[in-house]
Amino acid sequence: MRDRLLVSAHALIETEGWGAVRMARVAESAGVSRQTVYNEFGTKHGLAEQLALRELARFLTLVRDRMADADDIITGIRSACAAVLLLGEESVLVRSVTGAGGDDDFLTILTTESGEIVETATAAVQQAVNEFYPPTGLTPDQLAVCVEAVVRWVLSAMTRPSKRPEETAADIGWLLGLALRGASV
């Protein structure tokens, strides 16, 4: 049921934007009662949170794939960051934040309320690093700091881009390289 409601809400956003999304319209589109939508998400903000987490899963699949295909951590992180930032340019949810006027629900979820997103993304990237790359010379705590910094940088660049995705990814790779070289000194 939840997935069907999220698909319906996503379709409404694609065609009319987040401002047009109402719980009653999501219910109608999914063929359920409005109360069912409220029971599932509580509020429109709750619906936005679940849409953001669903979109995050799509992004994290891409991260894992890109990191699995790379021979080293810097190349993997750079490739994953570039791919995620490019996907962010295409994502209807990200565009609803970064587009003209932005959307306060999604902007809040991706910035001031980003804890669950940052934690989930950090854990997924950390798992991929541990699985695909040999020890980096960093302590687990140092590596955790680097991974969280990368996740937060990408999230920031996605919501308020200042450079092309490839440039941002190269900057992230460069800084990660400095951290790794510093660990071996």
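One can find the structure itself at the top, above this paragraph.
Residues numbered from 1 in each chain as written. Predicted model: local features only at pLDDT ≥ 70, side-chain atom pairs only at ≥ 80, totals over all residues. Heavy atoms only, no water.

A separate point is the packing of helix H8 (residues 115-132) against helix H9 (residues 140-159). Two numbers describe how H8 lies on H9: the axes approach to 9 Å, and their chain directions differ by 125°. Judged by the angle between their axes, H8 and H9 are oblique. In this structure, the crossing between H8 and H9 has a hand that is right-handed. Note on element contacts: H9 touches H8 through Leu 143, Ala 144, Val 147, Glu 148, Val 151, Arg 152 and Leu 155, opposite Val 118, Ala 121, Thr 122, Val 125, Gln 126, Val 129 and Asn 130. Grouping the constituent residues of the contact of H8 with H9 by class yields nine nonpolar, three polar and two charged. (Axes fitted to C-alpha atoms, helices over the stretch in contact; angles between N-to-C directions. Helix = DSSP H or I, 4+ residues; strand = E, 2+ residues; numbered from the N terminus. Parallel < 35°, antiparallel > 145°, perpendicular 65-115°, else oblique. Left-handed = near helix turned anticlockwise from the far one by under 90°. Contact = heavy atoms within 4.5 Å. Nonpolar A, V, L, I, M, F, W, Y, C, P; charged D, E, K, R; others polar.)

With that out of the way, let us pick up the side chain of Thr 159. Among the structural elements, Thr 159 can be located in helix H9. Given the relative accessible area of 4%, Thr 159 is considered buried. There is a polar contact of 3.3 Å between the side chain of Thr 159 and the backbone oxygen of Ser 156. (Buried < 20%, exposed > 50% of the residue type's maximum accessible area, 1.4 Å probe, protein only. Polar contact = N/O pair within 3.5 Å; in protein donor to acceptor, adjacent residues only side chain to side chain.)

All right, on to the packing of aromatic side chains then. By convention here, two paired aromatic rings are described through the distance between centres and the angle between planes. A complete count under the given rule lists one aromatic pair for this structure. For the pair Phe 132 and Tyr 133, a centre-to-centre distance of 6.4 Å together with 70° between the ring planes defines the contact as edge-to-face. By relative accessible area, which is 26% here, Phe 132 ends up partly exposed. (Phe/Tyr/Trp six-rings, centres within 6.5 Å; stacked < 30°, edge-to-face > 60°.)

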